[in-house]
Amino acid sequence: MRSSYKSGLFSEFIARMFLRLRGYSILESRYVTGRYTGRAEIDIIARDKNTIIFIEVKNRADAATGIRAVSHTQHERLRRAAKTYLARRRWTGDARFDIMVVRGFRVQWFKNAV
């Protein structure tokens, strides 16, 4: 049996491949900000034309459980991390938050989910 950490890494890999096959550029993987105060990690940061997408990847048995696994506290941390990322890069385009629920090799993608 794989550890949850290894399962998470595998799910993130599958999500990145899923995005690449659809023409998205992967800008960052496992982006960490605020290491000592309100630390947040964004699983994947991708780009499609003029939109940067911040993606939380969940390895869950079903989509509903995956979406519920992103708590309100985590939403806030992700938003702060995204604001930091965008400010550091002086990004003026669009941005959004998505959730990808991965089960094995199957991906369910929820756009604008956070």
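1. Here we look at the packing of aromatic side chains
Point 1. Applying the stated criterion to the full structure yields six aromatic pairs.
Point 2. Centroid distance Phe 10 to Phe 105: 5.5 Å. Interplanar angle 80°. Geometry classified as edge-to-face. Note that Phe 10 is positioned in helix H1 (residues 4–21) and Phe 105 in the loop between strand S4 (94–103) and strand S5 (106–110), a separation of 95 residues in sequence.
Point 3. Residue classification places Phe 10 among the partly exposed residues on the basis of a relative accessible area of 23%.
Point 4. Pairwise contacts between aromatic rings join Tyr 31, Phe 54, Tyr 85 and Phe 97 into one cluster.

2. Topic: the pairing of strand S3 (residues 51–59)
The two faces of a sheet get side chains in turn, since along a regular strand they alternate between them.
Point 1. Here S3 lies mainly inside the structure; eight of its nine residues are buried.
Point 2. Two elements, strand S2 (residues 40–48) and S3, share five bridges in a ladder whose sense is antiparallel. The partner of Ile 45 across the bridge, within S3, is Phe 54.
Point 3. As consecutive antiparallel partners, S2 and S3 are separated by two residues, and within that stretch Lys 49 has a phi angle of approximately 55°, a positive value.

3. Some thoughts on the confidence of the model for the protein
When pLDDT drops low, the exact placement of atoms in the prediction is not to be read closely.
Point 1. Mean pLDDT over the protein: 89, with 94% of residues reaching 70 or higher.
Point 2. Averaged pLDDT values over the elements of the protein bottom out at 85 in helix H2 (residues 63–68) and peak at 95 in S3.

4. Digging into the pattern of salt bridges
Point 1. According to the stated counting rule, one finds five salt bridges in the structure shown.
Point 2. Put simply, Arg 30 and Glu 41 hold a salt bridge, and the shortest N to O gap is 3.7 Å. Taken together, the positions of Arg 30 in strand S1 (residues 25–33) and Glu 41 in strand S2 put the pair 11 residues apart, joining distant regions of the chain.
Point 3. Residue Arg 30 is classed as partly exposed on the basis of its relative accessible area of 29%.
Point 4. The partner of Asp 98 in a salt bridge is Arg 96, with the nearest N and O atoms 2.9 Å apart.

5. Here we look at helix H3 (residues 72–88)
Point 1. If you check H3, its first and last C-alpha atoms are 25 Å apart, about what 17 residues at 1.5 Å a residue would give, namely 24 Å.
Point 2. Taken together, the buried positions of H3 are occupied by Gln 74, His 75, Leu 78, Ala 81, Ala 82, Tyr 85 and Leu 86. Projected down its long axis, H3 carries its buried residues within an arc of 135°, all on one side. Seen from the buried face of H3, the exposed residues on the opposite side, beyond 90 degrees, are His 72, Lys 83, Ala 87 and Arg 88.
Point 3. At the C-terminal side of H3, Arg 90 shows a positive phi close to 50°.

Rules and cut-offs
- Residues numbered from 1 in each chain as written.
- Predicted model: local features only at pLDDT ≥ 70, side-chain atom pairs only at ≥ 80, totals over all residues.
- Heavy atoms only, no water.
- Phe/Tyr/Trp six-rings, centres within 6.5 Å; stacked < 30°, edge-to-face > 60°.
- Helix = DSSP H or I, 4+ residues; strand = E, 2+ residues; numbered from the N terminus.
- Buried < 20%, exposed > 50% of the residue type's maximum accessible area, 1.4 Å probe, protein only.
- Pairing = 2+ DSSP bridges.
- pLDDT = per-residue confidence, 0-100.
- Salt bridge = Lys/Arg side-chain N within 4 Å of Asp/Glu carboxyl O.
- Expected span 1.5 Å × (residues − 1).
- Arc of directions from axis to C-beta.

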